[in-house]
Amino acid sequence: MVDMSSFHSVTIELHGGALTLAAICIGIKVIDIFWNRVLGDRGGKFRQGLKKASEYSTPTILLASIFGVVGLVLSGITGSYLIPVETAAKSPIALNKIMIAIFATEFWTVMIATNLIFWEEAWIRRQTAIVMVMSGGLGYVFSIMGGSIGGTMGGKVSILEPVWELLGVDLHSSWILSSEILVALAAIVTVVGILLVAYSVKLAEIVGSVRKVSD
Amino acid sequence: MNREIKHYGLVVALLLVCLGLLTTSLEAYSGGWQDGDTDYNCGTSCHQGGLNQGAGTIDVVLDTPSVLSGQTLTITVNVTETQLGTDRLVGVFLLSSKTGSGDHPSSQGWTITQDPNGGTVNYVEKESPGSGETVSFKWTLKAPLAWGDYELFVRVHHGSLAKNPLWEDHSGSISVEVTPLPAGTPEIDHQAVSLGYIGENTPIEAYVVNATRVVLNWRVAGEIQYNSSEMTNTTEVSDGGWKFEGEIPAQSSIAQVEYFIVAYHELNGDPIQADTSVYTISIEPKPEVPNTTAWTIQIIIVSEIALFILIAGVRMGKARGKKEDEQNG
């Protein structure tokens, strides 16, 4: 019988590597966009190199994030063989891990969907560029958190351990908010979300000019 | 075109180098990094074990040099170190040979009924108490059915940050004589209990053949006297055996409770008895049961946030695109 932990390791490496690559490329795009806005074409060879890297980053972000999300979903499936649902439902750390992995998948999916709808324009329009950076950034933060929790569950030492210690975060205790807070939060998110969508066209005018944020 | 391909190749190569650098910290840990059923070679060659370094001594104590076939004995391993490494872990293997592979005690017919950390595995890690201090590991084993002379070994594995074990020491062979079970002797088949919860009685079960009376003895670790209570035979099982059930009373705080079972029988007017080894139960606070409904709602709320971001982002992007088209005529 094949050990499912081997498959789980492979899928972890797949999404860990792919999403890191996507995050690095998002970082390059952000630097390029800001450089362009502040310094324009100044910067000589470095600027030219940055421009080129930014150009290559555009398709890389899309491909790497798609591979990453596929890896995330596959690692969820392989992980469910390692820890059965009934066991996970009783374990605070397992529920934290599943929840964080779902958050990561959702935000990366938002970034991929935006990218697929607007293609290269996604990085040219300021509004969509903000959505891409925000969702990709959140997705990556959740991916790292998920990796750290997974490592701890596997009995390994997580590189983020000093960070958790500094923040006073206990990975083994439940991260579920109380019912009262959740009800209030759900109401606030729903109202703010509907308002955001309803006024998004108006907001688009406030956020950005027609001028392209990147060349 | 060629120039473009060259550029793409260069970027891909650079990215591969970056990814390679990111993976330098990946190591194979399975089997060696935590408690598990592990051959000595597998636990020390390609896998890491407890990270300690330096010399030390191993002292092994058997509770009995001879055991009845199918009955239990206890091996206590005391490890004392003179130097400590970064992770302050001591990893100890209980083995049936020094061959390095196929050396799990089960290969000789032994069954580990309780390991030092409450599991049933042959490789266990514990935190080191410090230089010159002794850390104890206690295994309880069920003897093979085939009688004869057996040997067991203990090996201690201390690695280093350089992944090269600096100290791998082993005990001398531990000889155990497994003798045949005299006719009429009670046979106890018991699955050790290693965990109990504060405020709850801990149920104990045993399947016993040839017994007229079965007694559960228990005490909080450190106490001198054992408390005793008779176990009740509840269900008849095959081979004329019975399932006996008993309970260790609830504890009010974190504790280590030790217990053993004794089965009594009379043969031709002579009383005979059999007992298990002493097992240890860790009494701990009952773990909190997560509220999965609230957990699901929490996920739905964050999904809602992601969805609103997507819809608003798309509407904003499309609105700007439309305006741009209008301005461009």
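Everything below is about the structure shown above.
Residues numbered from 1 in each chain as written. Chains lettered and ligands numbered in written order. Predicted model: local features only at pLDDT ≥ 70, side-chain atom pairs only at ≥ 80, totals over all residues. Heavy atoms only, no water.

Undergrad: Sorry if this is basic, but what is going on with the overall build of chain B here?
TA: Secondary structure assignment for chain B yields three helices and 20 strands. Considering chain B as a whole, with its 329 residues, one finds that 44% of them fall into the buried category. Look at the contacts in chain B between residues 6 or more apart in sequence, and 70% of them connect residues 24 or more apart. If you sum the accessible surface of chain B, you get close to 16600 Å²; carbon and sulfur atoms cover 53% of it. (Helix = DSSP H or I, 4+ residues; strand = E, 2+ residues; numbered from the N terminus. Buried < 20%, exposed > 50% of the residue type's maximum accessible area, 1.4 Å probe, protein only. Contact = heavy atoms within 4.5 Å. Areas by Shrake-Rupley, 256 points an atom, 1.4 Å probe, with all protein chains shown as cover.)

Undergrad: Whenever I open this one, the packing of helix α6 (residues 126–153) of chain A against helix α3 (residues 292–327) of chain B confuses me. Can you help?
TA: For any two helices packed against each other, one specifies the inter-axial angle together with the distance between the axes. Here α6(A) crosses α3(B) at 155°, and the two axes come no closer than 8 Å. In this view, α6(A) runs roughly antiparallel relative to α3(B), as classed from their interaxial angle. Crossing of α6(A) over α3(B) shows left-handed handedness. Facing α6(A), whose interface residues are A:Q127, A:T128, A:V131 and A:M134, α3(B) presents B:I309, B:G313, B:M316, B:G317 and B:R320. Its residues assigned to classes, the contact of α6(A) with α3(B) comprises four nonpolar, four polar and one charged. (Axes fitted to C-alpha atoms, helices over the stretch in contact; angles between N-to-C directions. Parallel < 35°, antiparallel > 145°, perpendicular 65-115°, else oblique. Left-handed = near helix turned anticlockwise from the far one by under 90°. Nonpolar A, V, L, I, M, F, W, Y, C, P; charged D, E, K, R; others polar.)

Undergrad: Honestly, unusual backbone geometry in this entry has me stumped. Any pointers?
TA: Apart from glycine, the bulk of residues carry a negative phi angle, and the bulk of peptide bonds sit in the trans form. Positive phi, close to 50°, is recorded for A:W119, a residue that is not glycine. Among the secondary structure elements, A:W119 is positioned in the loop between α4 (92–118) and α5 (121–124). Its identity as a non-glycine residue notwithstanding, B:N210 has a phi of 65°, on the positive side. Within the secondary structure, B:N210 sits in the loop between β13 (202–209) and β14 (213–220).

Undergrad: How should the interface of chain A and chain B be read in this particular structure?
TA: Interfaces are frequently sized by the accessible area removed from exposure as the parts join. Counting residues at the interface gives 56 residues for chain A and 43 residues for chain B. Here chain A meets chain B over a buried area of about 4400 Å², counting both sides, of which 76% is carbon and sulfur. If you look at where chain A meets chain B, you find zero salt bridges. Applying the counting criterion to the chain A and chain B interface returns eight residue pairs in polar contact (both at pLDDT 80 or more). For the side of chain A that touches chain B, the secondary-structure elements that each account for two or more residues are α1 (4–38), α2 (44–82), α4, α6, α8 (179–198) and α9 (200–207) of chain A. It is α4(A) that provides the largest number of residues to the side of chain A that touches chain B, a total of 13 residues. Class assignment of the residues belonging to the side of chain A that touches chain B gives a composition of 32 nonpolar, 16 polar and eight charged. (Buried area = accessible area lost by both parts, 1.4 Å probe. Salt bridge = Lys/Arg side-chain N within 4 Å of Asp/Glu carboxyl O. Polar contact = N/O pair within 3.5 Å; in protein donor to acceptor, adjacent residues only side chain to side chain.)

Undergrad: Sorry, what's going on with the sheet that holds strand β11 (residues 187–189) of chain B here?
TA: In any sheet, the strands associate via hydrogen bonds between backbone groups, in a parallel or an antiparallel arrangement. Residue and element names in this part refer to chain B. With respect to topology, four strands assemble into an open sheet ordered β11-β13-β17-β16, the strand pairing being antiparallel. For this open sheet the edge positions go to β11 and β16 (232–236), each flanked by a neighbour on one side alone. With strand direction ignored, the average angle separating the axes of adjacent strands in the sheet is 35°. (Pairing = 2+ DSSP bridges.)

Undergrad: Whenever I open this one, the environment of A:V133 confuses me. Can you help?
TA: Following the sequence through the fold, A:V133 ends up in helix α6. For A:V133, the residues in contact, after removing those within four places along its chain, are A:I26, A:V30 and A:W123.

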